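Take a look at the letters that make up each chain.
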Protein chains: 4
Amino acid sequence: MKVDGDLARQVIRPRLRESHKGSYGRVLLIGGLYPYGGAIIMAAIACVNSGAGLVTVATDRDNITALHAHLPEAMAFDFGERDRLLDNLRAANVVLIGSGLGESDAARQVLDLVLANIRPDQNLVVDGSALNLLAKKNKKDLPDCHLTLTPHQKEWERLSGFRIPEQTVSNTQKALGEFQAGTILVAKSHKTAVYQGEKVAHLEVGGPYQATGGMGDTLAGMITGFLAQFASIDRYKAVTVATWLHSAIADDLAKNAYVVLPTHISKAIPSWMKKLSI
Amino acid sequence: MKVDGDLARQVIRPRLRESHKGSYGRVLLIGGLYPYGGAIIMAAIACVNSGAGLVTVATDRDNITALHAHLPEAMAFDFGERDRLLDNLRAANVVLIGSGLGESDAARQVLDLVLANIRPDQNLVVDGSALNLLAKKNKKDLPDCHLTLTPHQKEWERLSGFRIPEQTVSNTQKALGEFQAGTILVAKSHKTAVYQGEKVAHLEVGGPYQATGGMGDTLAGMITGFLAQFASIDRYKAVTVATWLHSAIADDLAKNAYVVLPTHISKAIPSWMKKLSI
Amino acid sequence: MKVDGDLARQVIRPRLRESHKGSYGRVLLIGGLYPYGGAIIMAAIACVNSGAGLVTVATDRDNITALHAHLPEAMAFDFGERDRLLDNLRAANVVLIGSGLGESDAARQVLDLVLANIRPDQNLVVDGSALNLLAKKNKKDLPDCHLTLTPHQKEWERLSGFRIPEQTVSNTQKALGEFQAGTILVAKSHKTAVYQGEKVAHLEVGGPYQATGGMGDTLAGMITGFLAQFASIDRYKAVTVATWLHSAIADDLAKNAYVVLPTHISKAIPSWMKKLSI
Amino acid sequence: MKVDGDLARQVIRPRLRESHKGSYGRVLLIGGLYPYGGAIIMAAIACVNSGAGLVTVATDRDNITALHAHLPEAMAFDFGERDRLLDNLRAANVVLIGSGLGESDAARQVLDLVLANIRPDQNLVVDGSALNLLAKKNKKDLPDCHLTLTPHQKEWERLSGFRIPEQTVSNTQKALGEFQAGTILVAKSHKTAVYQGEKVAHLEVGGPYQATGGMGDTLAGMITGFLAQFASIDRYKAVTVATWLHSAIADDLAKNAYVVLPTHISKAIPSWMKKLSI
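The structure presented is a predicted model; accordingly, all values stated were derived computationally and were not measured. (Residues numbered from 1 in each chain as written. Chains lettered and ligands numbered in written order. Predicted model: local features only at pLDDT ≥ 70, side-chain atom pairs only at ≥ 80, totals over all residues. Heavy atoms only, no water.)

### Observations regarding the overall build of chain A
Of the regular secondary structure elements, chain A holds eleven helices and nine strands. Relative to the globule expectation of 19 Å for 278 residues, the C-alpha radius of gyration of chain A, 17 Å, shows essentially globular dimensions. The dimensions of chain A, computed from C-alpha atoms along their principal axes, are 45 × 45 × 40 Å. Put simply, 69% of the contacts in chain A that link residues at least 6 apart link residues at least 24 apart. Per element, the accessible surface of chain A, about 10,000 Å² overall, is 49% carbon and sulfur. Looking at charge distribution, chain A has the averaged site of its 30 positive side-chain charges lying 4 Å from that of its 27 negative ones. (Helix = DSSP H or I, 4+ residues; strand = E, 2+ residues; numbered from the N terminus. Rg over C-alpha atoms; globule rule 2.2 N^0.38 Å. Contact = heavy atoms within 4.5 Å. Areas by Shrake-Rupley, 256 points an atom, 1.4 Å probe, with all protein chains shown as cover. Lys, Arg positive; Asp, Glu negative; His and termini not counted. Charge placed at Lys NZ, Arg CZ, Asp CG, Glu CD.)

### Remarks on the interface of chain A and chain B
Every contact between the two is made by 38 residues of chain A and, on the other side, 32 residues of chain B. When chain A packs against chain B, close to 2,700 Å² is buried across both sides, 58% of that on carbon and sulfur atoms. Broken down residue by residue, the surface that chain A buries against chain B is led by R15, R17 and E73 of chain A, which jointly contribute 25%. At the boundary of chain A and chain B, one finds zero salt bridges. Where chain A touches chain B, the interface holds 13 residue pairs in polar contact (both at pLDDT 80 or more). (Buried area = accessible area lost by both parts, 1.4 Å probe. Salt bridge = Lys/Arg side-chain N within 4 Å of Asp/Glu carboxyl O. Polar contact = N/O pair within 3.5 Å; in protein donor to acceptor, adjacent residues only side chain to side chain.)

### Some details on the relation of the copies chain A and chain B
With an axial shift of 0.0 Å and an RMSD of 0.0 Å, the rotation relating chain A to chain B amounts to 90°. The transformation relating the two chain copies, once decomposed into turn and shift, fits a four-fold axis. Among all residues of chain A, the minimum C-alpha distance to the rotation axis is found for A69 of chain A, at 4.2 Å. The overlap is low: 8% of the interface residues of chain A also sit at the interface in chain B, so different surfaces are used on the two sides. (Least-squares fit on C-alpha atoms with pLDDT ≥ 70 in both.)

### A few points about the UniProt feature "domain: YjeF C-terminal" (unreviewed entry) in chain A
UniProt's feature table lists "domain: YjeF C-terminal" (unreviewed entry) at residues 4-276 of chain A, given in the numbering used throughout. In residues 4-276 of chain A, helix accounts for 45% and strand for 14%; the two terminal C-alpha atoms are 11 Å from one another. (UniProt positions renumbered as here; feature names shortened; annotations may be inferred.)

### Quick word on helix α2 (residues 37-49) of chain A
Residue and element names in this part refer to chain A. Taking 1.5 Å per residue as the helical rise, α2 with its 13 residues ought to reach 18 Å, and the 19 Å between its terminal C-alpha atoms agrees with that figure. In terms of residue burial, α2 counts as a mostly covered element, since 13 of its 13 residues are buried. Backbone geometry just after α2 places G51 at a positive phi near 105°. (Expected span 1.5 Å × (residues − 1). Buried < 20%, exposed > 50% of the residue type's maximum accessible area, 1.4 Å probe, protein only.)

### Quick look at the relation of the copies chain B and chain C
Rotating chain B by 90° about the axis while translating it 0.0 Å along that axis superimposes it on chain C, leaving an RMSD of 0.0 Å. A low fraction, 8%, of the interface residues of chain B reappear at the interface in chain C, so the copies pair through non-equivalent surfaces.

### What to know about the pattern of salt bridges
Residue and element names in this part refer to chain C. Applying the stated criterion to the full structure yields 48 salt bridges over all chains. Salt-bridge contacts for R119 lead to D121; the nearest nitrogen and oxygen are separated by 2.9 Å. Taking relative accessible area as the criterion, R119 reaches 29% and is therefore assigned partly exposed.

### Concerning unusual backbone geometry
The residue after Y34 of chain C, namely P35 of chain C, is reached through a cis peptide bond having omega 0°. Mapped onto the fold, P35 of chain C is located in the loop between β1 (26-30) and α2 (37-49).

### Observations concerning the interface of chain B and chain C
On the chain C side, the residues contacting the 38 residues of chain B number 32 residues. Between chain B and chain C lies a buried interface of about 2,700 Å² when both sides are counted; carbon and sulfur atoms form 58% of it. Joining chain B to chain C, the criterion identifies zero salt bridges. Our count for the chain B to chain C interface comes out at 14 residue pairs in polar contact (both at pLDDT 80 or more). If you list the elements that add at least two residues to the side of chain B that touches chain C, you get α2 (37-49), α3 (64-70), β3 (75-78) and α11 (262-277) of chain B. When the residues that make up the side of chain B that touches chain C are grouped by side-chain class, the tally is 16 nonpolar, eleven polar and eleven charged. (Nonpolar A, V, L, I, M, F, W, Y, C, P; charged D, E, K, R; others polar.)

### As for the packing of helix α2 (residues 37-49) of chain D against helix α9 (residues 215-229) of chain D
Residue and element names in this part refer to chain D. The contact between α2 and α9 brings their axes to 7 Å, and the two run at 40°. On the basis of their axis angle, the class for α2 and α9 is oblique. Of the two elements, α2 crosses α9, and the hand of that crossing is right-handed. Residues A39, M42, A43, A46 and C47 of α2 form the contact with α9, whose participating residues are D217, T218, G221, M222, T224 and G225. Here the residues of the contact of α2 with α9 are counted per class, giving six nonpolar, four polar and one charged. (Axes fitted to C-alpha atoms, helices over the stretch in contact; angles between N-to-C directions. Parallel < 35°, antiparallel > 145°, perpendicular 65-115°, else oblique. Left-handed = near helix turned anticlockwise from the far one by under 90°.)

### Examining the sheet that holds strand β1 (residues 26-30) of chain B
Residues and elements named next belong to chain B. The strand order β3-β2-β1-β4-β5-β6-β7-β8-β9 describes an open sheet built from nine strands, whose pairing is mixed. Edge positions in the open sheet fall to β3 and β9 (199-202), since each of these has one partner strand only. For this sheet the average axis-to-axis angle between neighbouring strands, irrespective of direction, equals 15°. Inspection of the sheet shows strand β7 (residues 184-187) paired to strand β8 (residues 193-196) by four bridges, in the antiparallel sense. Considered in β8, the bridge of A187 is made with A193. (Pairing = 2+ DSSP bridges.)

### Focus: the pairing of strand β5 (residues 123-126) of chain B
Residues and elements named next belong to chain B. Side chains N123 and V125 of β5 all project onto a buried face; the interleaved residues L124 and V126 project onto the opposite face, where all are buried too. In this structure, strand β4 (residues 94-97) lies alongside β5, joined through four bridges in parallel fashion. Paired with I97 across the strands is V126, a residue of β5. A crossover links β4 with its parallel partner β5, the connecting element being helix α5 (residues 105-117), and its sense is right-handed. Where β5 meets strand β6 (residues 146-149), four bridges bridge the pair, whose relative direction is parallel. When the sheet's bridge partners are listed, V125 is paired in β6 with T148. (Right-handed = clockwise from strand over helix to strand, strands pointing away.)

### What to know about the UniProt feature "binding site: (6S)-NADPHX" (unreviewed entry) in chain A
Residues and elements named next belong to chain A. As annotated in UniProt, the feature "binding site: (6S)-NADPHX" (unreviewed entry) corresponds to A39, G100, H152 and D217 in the numbering used here. Residue classification places G100 among the buried residues on the basis of a relative accessible area of 12%. Among the structural elements, H152 can be located in the loop between β6 (146-149) and α7 (153-160).

### Here's the deal with the environment of V95 of chain A
All names here are of chain A. Inspection of the secondary structure assignment puts V95 in strand β4 (residues 94-97). Once the C-alpha coordinates of V95 and Q122 are considered, the two residues, 27 residues apart in sequence, prove to be 7.7 Å apart. Apart from the residues lying within four places of it in its own chain, the contact partners of V95 are L28, I30, L89, V114, I118, N123, L124 and V125.

### Focus: the packing of aromatic side chains
Under the defined criterion, the tally for this structure stands at eight aromatic pairs over all chains. Arranged with centres 6.4 Å apart and planes meeting at 45°, the rings of F230 of chain B and Y258 of chain C form a pair that is tilted. Within this pair, whereas F230 of chain B is found in the loop between α9 (215-229) and α10 (235-253), its partner Y258 of chain C is found in the loop between α10 (235-253) and α11 (262-277), the two belonging to separate chains. On the accessibility criterion, F230 of chain B (7% relative accessible area) is buried. What links up through ring pairs into an aromatic cluster is the set F226 and F230 of chain A together with Y258 of chain B. Here the basic side chain of K275 of chain B rests over the ring of W272 of chain B, its NZ or CZ set 5.0 Å away from the ring centre. (Phe/Tyr/Trp six-rings, centres within 6.5 Å; stacked < 30°, edge-to-face > 60°. Lys NZ or Arg CZ within 6 Å of the ring centre and 35° of its normal.)

### Considering the pairing of strand β2 (residues 54-59) of chain B
The side chains of a regular strand alternate, first on one face of the sheet and then on the other. Residues and elements named next belong to chain B. Across the six residues of β2, six count as buried, placing the element largely inside the fold. Residues L54, T56 and A58 line one face of β2 and the alternating positions V55, V57 and T59 line the opposite face, and both faces are buried. Pairing of β1 with β2 involves five bridges; the strand directions are parallel. Within β2, the position partnered with L28 by the bridge is T56. Tracing the backbone out of β1, into α2 and back to the parallel element β2 gives a crossover that is right-handed. With four bridges joining them, β2 and β3 adopt parallel strand pairing. Paired with V57 across the bridge in β3 is A76. Handedness of the crossover joining β2 and β3 through α3: right-handed.

This is the structure in structure tokens:
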């Protein structure tokens, strides 16, 4: 599958006039635990700018003010409120867990709660430290749902057992095969590829100006936003296009920037999606 | 009534030189209770940018820092301070309640306090979850005041008893007739209309790029700002023009944005009002 | 005295190469007590953008995060820390008190502490609610210092005893005469004038687009910044030019804005001062 | 050594395609203790915009929300958490201490902890009040590491024993000789110079529009970012170019600004570095 603006145009279709915010999905983002509060803020900024209908963030209570200073558009609650978390989990079309989650006991508990309650019809995007926690689990025990994994090479090493030099396409496909059928893998590196079953899409965008903290959180937020909004589109295409767009925007910004800040990518999403939709 | 720039020009008149901030109204905005703090922030940003003279926000104490990070122009206090709330209620020309209010006991109590103390000469705008709380009350018990309701279709279903497919003009007018005479209804949908008594104005602006969280809070803030500032103008015209302007700005921003963020609309209000005033 | 760009050019001179931040004054801003936190934030933003060398804010502890979210350039401490307040008071060239101070017991106490400790060589700018507190004091008891008062008409009524229709030039000069010699009065209205002894400067800038909350706080911050930075210039000229610039910028912004936000004025100060300095 | 764009181009090389955020260094910034929270925020903004790979801030817990409101890209923790501080210290390539640190007991303790644990292979940048604390120590007791000092004239007086009029090149080199070999000195004044051993580079950029609070914190953040990112480049060149770039950007912004705000310099860093890298 060639990944370019043409593929993006297949996903980013003009919106139907008779729609409302519920038409574009309900998202629950879980992460940003101390001392990593900024990560889920960046994911949320990306997700809202990608066009998700309703975005709710479960994070440290102390992190809510900074989130709202950036993004009053998102609702936010204390991730430790178990009942509220379960309510939001039930209502969500797409759940992202992991951006700035850390690996504390609290992080493990909230991940376990999500894994125990996610439904087969729901999307679950696992990012960042949640991938390290997942690596310690038996893949057979993972719940049945639409799973997307977004590891960088070191996280994929922990998940797949393949060290970085061994992360060839065939080894990666083999390791991905241990997850349930349909699982999507966004294998992040200087040559990012997106996998599902036998499919693999190599991206020809992106560059070293993206090598800065928060870049992955922003990508995770975009993927989540695309899955929420383009629910009627093939999931693999939606994830691939979100990943492509993230780096295509970075390439453009890098014409005038030595390092591209994650939040600058997010601000550019609506105008790029507009251009691709017409 | 045709709703367009010409109608807007009738409302948005050049300001008189001999005026001061008190000339443009005192507004009290009530909402933004945990976990919905962002909603009242968006309403306040819209209200200040619409030109209200003095804007005060009653919200969760924890929400004040995020509000001030966006908008030092607004005063803000803990909604639980009963005496301060009553003082501000007395001083206000226009009160907005509901954006991010939720339906907790605390939310119910503050709504009841407002309904028990509002005066016939004051404007009350009821938005969001406060509409759901209102739906549980007997309409005969509502206080005498200048009332404006801003429900989306599901909220109007609860208020009117008419399910969404039944929300025709005549049914809507019939249901509106159960509220006191003069009540204005902003019936939000993909074809928003503004009602008062026998009058109905159908808007021909707006689009699905507005289908994102916070859009309604921003509209409620604009309506409140217009009622405060244009107190000598026919209320129905003022509300209709505020509603029109909200979507007219969105249409313009959507030329370069797949999804239009509520706060982006607010930033564009002063320049649009200027253009319409000359 | 004609107040225009030519006068401004006499005050806003190119800076000397051999200078450092201490050359441009130390400022202490006191105010922003709950529920008026935003006021001192706006004063501080204006003061830093006006070019004051070092700006420190004494405010409610809960207000510091919102201040720093706008302006990391300012230091900030809890106004209730008496020793720190006295240390900062001693070190300051210019003290502003009143923007968002309120009239609580705590407000009264901090005003009294300032009045008891200000020195004859220091500038004291009194704004907002501190003017109301001052109105209750015997003018004979006010300390010897370089005093600037920035009342709007209602505040001047309380201070002068003259009701608004009676606030003629001669009555205003008479009332100003009861303050110590050299006291500067910025009499804010839709035709603002600046007084000192027999001198009066009528401003021909400004308009009703400035009639919004926070406009006065921003002016107070600019006046404070000018007094700090242009310490070798005649104080009356410096205050007059700061007041003129505040409205001259508003006039310019109002070409594209129905209402001019206070923080938008502040952002434009450095470029205006640059243009006037060459 | 002539310090200009040509030297900058030797340092700011195009990034290698096969790299990741770890390739650009791990930074630990320590400071921003009450009431100086803004200082470390400005250092962090500068550091991230300079291209450091991963930036972590140790500061007052109360300062984290304001930091994240500016910069979700940085991680942040309570500087009083000794174990976490030691973990982050161990992982860092470059440590900055001093911006807004103050001279309290807590400040002294955290400085001592850093001095006791820094390794010979690590860079330590000492700025602001940490320089005053250092001045009270015996230079023989300072640890072996790659040290950079960034004093202004008064701080250098305390460190060197030379009063400001005595701070000639030869006296400065003599005083610098008392520190371990290789120590870099950024001697800030209206004619800033950078020293290492016998080398001295006089900068011909910068001006009095930089005489405002936070300018030094921003410079410290840039130097830290350059040391982290350009680890394979001669340290003296990297520090000199960071210092040059800081003022070169200020000179450019000053064409349209009477006073240049520190955060405005930081925003311009990525585009300047891009231009210098091609």
